[in-house]
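Close look at the chain arrangement
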Amino acid sequence: MSEQASEVTGEDADTGNPDTPQPAYKRVMLKISGEALMGDQGFGLNPPTVERIAQEVKSVHDMGVEICMVIGGGNIFRGLQGSAQGMERTTADYMGMLATVMNALAMQSALEGLGVYTRVISAIPMDQVCEPYIRRRAVRHLEKGRVCIFAAGTGNPYFTTDTAATLRANEMACEAIFKGTKVDGVYDMDPAKHDEAQRYDDVSYDDVLQKRLGVMDASAIALARDNNLPIIVFSLDEPGGFRGILAGEGTYTRVGG
């Protein structure tokens, strides 16, 4: 990972502590799946798991990093799955978008319980529970040191939360997307099924698309490639992994040009 250390500002930034490592990026997008919030459950939200992920986010926020988040909704409802069972695709996708709002509100509650100011910003207006998406307002929240959780995908059916994360990362001028998964990077085959699977340290956007490595969906990878936005794939289950990578340590795969 290239060292892009820079000064960071924000109302909650911990920049005065000389023991705080200088982060590799100033503003990042963290993309996690809804399933990451389930813990050992088969469905829904597991509060201790949500709390653990919030602690990971707080540890990076304390470095002075400005954080955007997008959380999937697959732990509650998955649009494609509903469509496969006979539901009209557009309706199923909108239901999936509402599931992402529920997850975003749960993460906001956990983060604010830790003292991290957080805003949930929805692509579908629902003023009673969260803010509508206005790019300049969202940028201002980040500048003030608030975590911004972007919910309801892009607001349109047929687009995944991977694409939404890449879109918002570009709009917010993030320097990288951090994709939290169950494994510590991108492998040439499923490491859970193949002991001989090899992890990539670096892999190009084109290789991800051509080899169908499953990092993100094709439209998200293409959008990242067109804007030269690196994707850092790491294990969300490794304690301190998110902070460690930003401090120049840990194991991960970098998807780039």
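If you're wondering where the values come from, they're calculated on a predicted model, not measured in any experiment. (Residues numbered from 1 in each chain as written. Predicted model: local features only at pLDDT ≥ 70, side-chain atom pairs only at ≥ 80, totals over all residues. Heavy atoms only, no water.)

This part is about the overall build of the chain. From N to C terminus, the chain includes eight helices and 11 strands. Here the C-alpha radius of gyration of the chain, 17 Å, is about what a compact globule of 257 residues would show, namely 18 Å. The dimensions of the chain, computed from C-alpha atoms along their principal axes, are 55 × 50 × 35 Å. Each of the 257 residues in the chain was classed as buried or not, and the buried ones make up 49%. Considering only intrachain contacts with a sequence separation of at least 6, the fraction spanning at least 24 residues in the chain is 71%. Just so you have it, the chain exposes about 11800 Å², and 47% of that area is on carbon and sulfur atoms. Each charge class in the chain was averaged separately, 24 positive and 35 negative side chains, and the resulting centres sit 6 Å apart. (Helix = DSSP H or I, 4+ residues; strand = E, 2+ residues; numbered from the N terminus. Rg over C-alpha atoms; globule rule 2.2 N^0.38 Å. Buried < 20%, exposed > 50% of the residue type's maximum accessible area, 1.4 Å probe, protein only. Contact = heavy atoms within 4.5 Å. Areas by Shrake-Rupley, 256 points an atom, 1.4 Å probe, with all protein chains shown as cover. Lys, Arg positive; Asp, Glu negative; His and termini not counted. Charge placed at Lys NZ, Arg CZ, Asp CG, Glu CD.)

Next up on the list: the confidence of the model for the chain. In this model, the chain carries an average pLDDT of 90, and 90% of its residues clear a pLDDT of 70 or more. Here residues 1–16 is modelled with pLDDT under 50, and outside its nearest four sequence neighbours on either side it reaches 37 contacts, counting other chains as well. (pLDDT = per-residue confidence, 0-100.)

Here we come to the sheet that holds strand 6 (residues 176–181). With mixed pairing, nine strands are arranged side by side in an open sheet as 4-3-5-2-1-6-10-11-9. Two strands lie at the open edges of the sheet, namely strand 4 (131–132) and strand 9 (202–204), each paired on one side alone. In the sheet, strand 10 (residues 231–235) pairs with strand 11 (residues 253–256) via three bridges, with the strands oriented antiparallel. Residue pairing in the sheet places Ile232 in a bridge with Arg254 of strand 11. Against the sheet, helix 3 (residues 89–113) contacts strand 2 (66–71), strand 3 (118–122) and strand 5 (147–151), and its axis sits at roughly 170° relative to strand 3. Helix-sheet contacts for helix 5 (residues 161–171) involve strand 1 (27–32), strand 2, strand 5 and strand 6, and the interaxial angle to strand 1 is about 175°. (Pairing = 2+ DSSP bridges. Axes fitted to C-alpha atoms, helices over the stretch in contact; angles between N-to-C directions.)

Our next topic: the pattern of salt bridges. Throughout the structure, instances matching the rule amount to 12 salt bridges. Among the salt bridges present, the one from Glu143 reaches Arg140, with a minimum N-O distance of 3.4 Å. Pair noted here: Glu143 and Arg140 are both in helix 4 (residues 135–143), with a separation of three residues, about one helical turn. A relative accessible area of 37% places Glu143 in the partly exposed class. (Salt bridge = Lys/Arg side-chain N within 4 Å of Asp/Glu carboxyl O.)

All right, on to the packing of helix 1 (residues 47–61) against helix 3 then. Packing of helix 1 against helix 3 leaves a shortest axis separation of 9 Å and a crossing angle of 60°. Taken together, the axis directions place helix 1 and helix 3 in an arrangement best described as oblique. Crossing of helix 1 against helix 3: the hand is right-handed. Between helix 1, through Val50, Glu51, Ile53, Ala54, Val57 and Lys58, and helix 3, the contact on the second element is made entirely by Ala106, Met107, Ala110 and Leu111. Of the residues assigned to the contact of helix 1 with helix 3, the class counts are eight nonpolar, no polar and two charged. (Parallel < 35°, antiparallel > 145°, perpendicular 65-115°, else oblique. Left-handed = near helix turned anticlockwise from the far one by under 90°. Nonpolar A, V, L, I, M, F, W, Y, C, P; charged D, E, K, R; others polar.)

Residue placement: Pro125 occurs in the loop between strand 3 and strand 4. Pro125 gets classed as exposed once you look at its relative accessible area, which sits at 60%. The sequence separation of Pro125 and Met63 amounts to 62 residues, and the corresponding C-alpha distance is 32 Å.

Another point: the pairing of strand 6. By the criterion of burial, strand 6 is predominantly enclosed, with five of the six residues buried. Judged from the four bridges that link them, strand 1 and strand 6 form a sheet pairing that is parallel. In the strand pairing of strand 6, Leu30 is matched with Phe178. Bridge count for strand 6 against strand 10 is five bridges, and the pairing is parallel. Across the sheet, Ile177 pairs through a bridge with Ile231, a residue of strand 10.

Okay, the layout of surface pockets next. Taken as a whole, the largest pocket encloses approximately 1100 Å³ of empty space. Together, 49 residues line the largest pocket, and Lys31, Ser33, Arg78, Asp162 and Lys179 are the ones closest to its centre. Contributions of two or more residues to the lining of the largest pocket are made by helix 1, helix 2 (79–84), helix 3, helix 5, strand 6 and strand 7 (186–187). Residue contributions to the lining of the largest pocket peak at five residues, all from helix 3. Class assignment of the residues belonging to the lining of the largest pocket gives a composition of 18 nonpolar, 19 polar and 12 charged. (1 Å grid on protein atoms, 1.4 Å probe; cavity = no way out; pocket = protein on both sides within 12 Å on 5 of 7 lines; lining within 4 Å. Points joined across faces, edges and corners; volume = space filled by probe spheres on them.)

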